[in-house]
Each structure stands twice: as structure tokens, then as C-alpha cells.
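Structural description and commentary
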Amino acid sequence: MTKALWSTLCACVLSVVQAQAQDYIVNIETWPVQRFLTEVEYGRTSKSRVADYVDGAPYRLDQPNPLRLPLPWGMSEGITVTFADNENYADAREMAVESGQTEVIVYNLVPQHTYYYKMEDALGQVVAEGQVQTRGQVRMIYAPSIYNARDMGGWRTDDGLRVKYGKLYRGSELNRVNTATDEDLKLFRQLGVEAELDIRSEEERSAIADADHSAFGFSAADDTYLSTQYFGCYSYHLIGSSYIAGYKAALDFVIKSLKAGRPVYCHCIHGADRTGLLAIFIEGVLGVSYDQITKDYELTSMSQVGERIKTRYYDAIINYMSRFPGQTLQERMAYYLRVRVGLTADDIAYLRSALLEDPNQRPSDSGVATGMEQIVMVGSGRAACGAAYSLSGRRCDVKRGLKIVRGRKYVVR
């Protein structure tokens, strides 16, 4: 075969690959997590249901589903994949593909977000590209050496707002009984973590040689690391002056870190009970619904640190808050944090402004408000290639994936 003919055939193959760009939809929640979040609705008198979704599981459920991007058929040598959360590919990730690889696996995506990818050959020619639309609510973090790790974003408030992703993270300890690998610590730094809140006791930290105790290398001297002496998770701890001082120090650190633009990794040993109380404080004062706060508390059961059900400590803490003035859990939590713990009204207002967003007003990557979402049914035959119809019969030209038409978001199945 002559060199000219070979070049022509290669060009034809590449043009076919380019013409077959593919969009994807992926739900990053594991199936048990999806079922737990959608099938259970907690009220104040509800019994715990999380065991129904955890018991008998043969593997850890506290890790997310990945995105699996298939490579063009027969191509892996010299392929580079570029992945970004914007169509301009600013601050994009580049992933080299090894020979024989058939897919690229991407973890730790943000739910309900649009990503962009392209695949280039050794000559820099784009051989595949498209969009990825993520689904789900809870952003569990894939970091195998760290248990119970998740973003604290995604939870919904009673007034329809949502806690922002990428601001606060929670999980297990990093450098004592459970030791994080350098790779997983690097992963959290890549996620943007720039501060560590350590609410283990001094006794629990005493076995660590590093005087600052931060596995990330953060320092108390530059306000990127804080360890608290007391942070009890029992309801009677809520009235102890030493524990209240620990709550105040921890929340002040969170506020200071957020004001400095530093996302925080919060942990005790397992990221379960004490870290769970910290989450109750923050989510409660933000106005996250009782159902959502309870689910976040019980999601720890998806990890291998043991079941955490609402009747263990959670119900007693919520019942204690009932003695304070207010019509809602948010009002009673705000009263406790102001009058007993010592946060100011400005502190509480700042937490709401820094951590909440309106999901219905969040602009898309094209700048179009996408508050309305409508399922689209794809036609059969030739129509499946480019024509789809909404449930009301309206026709729109779209591939499977996502399309914005006059401000309305169409999700194509």
C-alpha cells in the first residue's frame, strides 16, 4: 500500500470518528444511595430506613460512580483526553491514554453539571468530542484510603435553595489509625481543599509525631489548620461550656476559611458522630430540611465505619433544639448558635450567603438561565439522530444529552 493511499485511508477513518461525537449522562450516585435518597422521606416520627439499603452489601457504598468515556474503536496509542467544566476548556485536565486502553475513567464530578471533553490523536487532531451531563445529588468522593468522604453540598433547604458544592468536605481522619495515601491527599488538594478542621481529641492526636497534625501540611500558624480540644457528639455535650467553646472555635474557623476562599476538609476519626454534629449545626442554620439533614447523617452507614442511624445520637440532638424559641428547626438552631455558642447574626447571614445558591437560577455554561427542565422522548429511526419531541409534542433538534431551547432545559433519554 502506497504512503499516499495509507494517508487517505487514515484521514477517512478520522473524519468518521469526528462525525460520531457523543454526549453522555451519568448519575454519580451508587444505586443504593440513589434508592435511599429517593424512596425514603423522613419526618420527626419516622423510623430509620438506611439499614434496608446497606445490610448485606458486599462492598463499600461510600464511593461514587465514575464517568466512563469509551475511546474511539481501535484507537488508544497517542490519544490525549482533555476534560473541562467549561466549553472554552479553561483550567482543563489532560489525561494521557495508555496503549490498549479502551476507556477513560473520571471520578469526583460535581452533580447536576455540564462537562466538556475532546480526544486528540498524536498529531493534535480531534477524533472525538462531546458533553457530559451529571446527575445525582450527593457528591461522594473517590479516595480509596479515606472512608466516608463526601462533599457537604447538594442538600436542599425548606425554602428551595441548595448547599453549594466544593466549599466544605467531610470524611475520616487522615493520619492516625486510618492513614491517607499521598495520592488521595493530592486528590483533595486538586478538589480545592485549602484548610483542615480536625475535631479529634488531643488524646487521639497525641500518637502523631507531627506537632501540627495536618496530613495536608497545613499549619495553625497561617490559619489553614485548626484542632479543637473538645467537640462532643452527645446531646448533653450541648450544654457543657468546654464543648460549647469547641463548637465556637470550629464554626469560627469554617467562617474564616470561607471568607479567605479556602474550602475546608472537616473530620474526626470516622467522620461520623462529631463530624455529623458539625454538619447538623451548619445544615440546620442554613435551613436544610429535616429530611435532608437526617439523610446526610445516615449516609455514613454507606461506608465501612459502622451504621449511623438517627436513633443513636441524632434524635436526642434534634429534640434538645426543640426547647429553644422558633417555629422551625432553622430558627431554633440559629437561636442556640447565637445565644449559647456565641455566633453573631452576621456570622449566620454570612454562612447563608456563602453556602447557599438557587439551583433554578444557576446559569448554564452558555449563560442561559436553565431553571426549567423537561424530559424529551427521542423518536425512532432517523428521528433518533437529531429530532426529539417533548412530552407536550414540541419538536426540537437535539442529540441524546442536553439542549437549551429558549431558556428551557431539555434532557434527552
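Scroll up for the structure.
Residues numbered from 1 in each chain as written. Predicted model: local features only at pLDDT ≥ 70, side-chain atom pairs only at ≥ 80, totals over all residues. Heavy atoms only, no water.

1. Quick look at the overall build of the protein
- Of the regular secondary structure elements, the protein holds 12 helices and 19 strands.
- Counting every position in the protein, which comprises 413 residues, the buried fraction comes to 52%.
- Here the contacts in the protein between residues at least 6 apart in sequence split such that 67% fall between residues at least 24 apart.
- By element, 50% of the accessible surface of the protein is carried by carbon and sulfur atoms, the whole surface being about 19200 Å². (Helix = DSSP H or I, 4+ residues; strand = E, 2+ residues; numbered from the N terminus. Buried < 20%, exposed > 50% of the residue type's maximum accessible area, 1.4 Å probe, protein only. Contact = heavy atoms within 4.5 Å. Areas by Shrake-Rupley, 256 points an atom, 1.4 Å probe, with all protein chains shown as cover.)

2. With respect to the pairing of strand 7 (residues 126–135)
- For strand 7, a buried count of seven out of 10 residues is recorded, marking the element as mostly surrounded by other parts of the structure.
- Here strand 1 (residues 24–27) pairs with strand 7 via four bridges, running parallel. Within the sheet, the bridge partner assigned to Val26 lies in strand 7 and is Thr134.
- Two elements, strand 6 (residues 114–120) and strand 7, share seven bridges in a ladder whose sense is antiparallel. Residue Met119 lies in a different strand from strand 7, and its bridge partner there is Ala128.
- The hairpin turn running from strand 6 into strand 7, its antiparallel successor, is five residues long, and Gly124 in that turn takes a positive phi close to 85°. (Pairing = 2+ DSSP bridges.)

3. Things to note about helix 9 (residues 314–321)
- In terms of burial, helix 9 is largely enclosed, as six of its eight residues are buried.
- Taken together, the buried positions of helix 9 are occupied by Tyr314, Asp315, Ile317, Ile318, Tyr320 and Met321.
- Here the buried face of helix 9 lies against helix 7 (273–286), helix 8 (290–298) and helix 10 (329–341).

4. Overview of the state of the cysteines
- Counted under the stated rule, the structure contains zero disulfides.
- Here Cys268 is not cross-linked by a disulfide; its sulfur's nearest cysteine counterpart is in Cys233, at 7.8 Å. (Disulfide = S-S within 2.5 Å.)

5. With respect to the pairing of strand 6
- Burial runs high along strand 6: six of the seven residues are buried.
- Where strand 3 (residues 80–84) meets strand 6, five bridges bridge the pair, whose relative direction is antiparallel. Counterpart to Val81 in the pairing with strand 6 is Met119.

6. Section: the packing of helix 8 against helix 9
- One can describe the packing of helix 8 onto helix 9 by two numbers: an axis separation of 11 Å at closest approach and a directional angle of 145°. As for the relative orientation of helix 8 and helix 9, their crossing is right-handed in sense. The segment helix 8 lies against helix 9, with Tyr290, Ile293, Thr294 and Tyr297 engaging Tyr314, Asp315 and Ile318. (Axes fitted to C-alpha atoms, helices over the stretch in contact; angles between N-to-C directions. Left-handed = near helix turned anticlockwise from the far one by under 90°.)

7. Some thoughts on the environment of Gln133
- Mapped onto the elements of the fold, Gln133 is located in strand 7.
- On a C-alpha basis, the gap between Gln133 and Asn27 in space is 8.6 Å, while along the polypeptide they are 106 residues apart.
- At 2.6 Å, the side chain of Gln133 and the side chain of Thr114 are in polar contact. (Polar contact = N/O pair within 3.5 Å; in protein donor to acceptor, adjacent residues only side chain to side chain.)

8. Focus: the sheet that holds strand 11 (residues 195–198)
- Read across the sheet, five strands follow the order 8-10-13-11-12 without closing on themselves; strand pairing throughout is mixed. Across the chains shown, the open sheet's two edge strands, defined by having one partner strand only, are strand 8 (150–151) and strand 12 (225–227).
- Here two bridges tie strand 8 to strand 10 (residues 168–171), and the two strands are oriented antiparallel to one another. Pairing of Asp151 across the sheet is with Tyr169, part of strand 10.

9. Considerations on helix 7
- The end-to-end C-alpha separation of helix 7 is 20 Å, in line with the 20 Å expected for 14 residues at 1.5 Å each.
- Burial analysis of helix 7 places 14 of its 14 residues in the buried class, which makes it a mostly covered element.
- Two residues or fewer past helix 7, Gly287 is found with a positive phi of approximately 90°. (Expected span 1.5 Å × (residues − 1).)

10. Topic: the packing of helix 7 against helix 11 (residues 345–355)
- Axis separation between helix 7 and helix 11 bottoms out at 9 Å; the angle between their running directions is 85°. It follows from the interaxial angle that helix 7 and helix 11 lie roughly perpendicular. Here helix 7 contributes Ile282, Val285 and Leu286 to the contact with helix 11, which in turn contributes Ile348, Leu351, Arg352 and Leu355.
- Its residues assigned to classes, the contact of helix 7 with helix 11 comprises six nonpolar, no polar and one charged. (Parallel < 35°, antiparallel > 145°, perpendicular 65-115°, else oblique. Nonpolar A, V, L, I, M, F, W, Y, C, P; charged D, E, K, R; others polar.)

11. Some details on the nonpolar core
- Core analysis: the largest hydrophobic core is formed by 65 residues, its most contacted members being Phe281, Met302 and Tyr336.
- Ignoring anything within four residues of it in the chain, the contact list for Tyr336 reads Leu238, Ile244, Tyr247, Phe281, Tyr320, Met321, Phe324 and Val341.
- Counting residues in hydrophobic clusters, the runner-up holds 21 residues, among them Leu71, Val81, Phe83 and Met119. (Core = buried A, V, L, I, M, F, W, Y, C linked by side-chain atoms within 4.5 Å.)

12. Looking at the packing of aromatic side chains
- Throughout the structure, instances matching the rule amount to 21 aromatic pairs.
- For the pair Tyr24 and Tyr117, a centre-to-centre distance of 6.1 Å together with 45° between the ring planes defines the contact as tilted. Of this pair, Tyr24 sits in strand 1 while Tyr117 sits in strand 6, placing them 93 residues apart in sequence.
- Note on Tyr24: relative accessible area 22%, which makes it partly exposed.
- Accessibility expressed as a relative area gives 2% for Tyr117, which makes it buried. (Phe/Tyr/Trp six-rings, centres within 6.5 Å; stacked < 30°, edge-to-face > 60°.)

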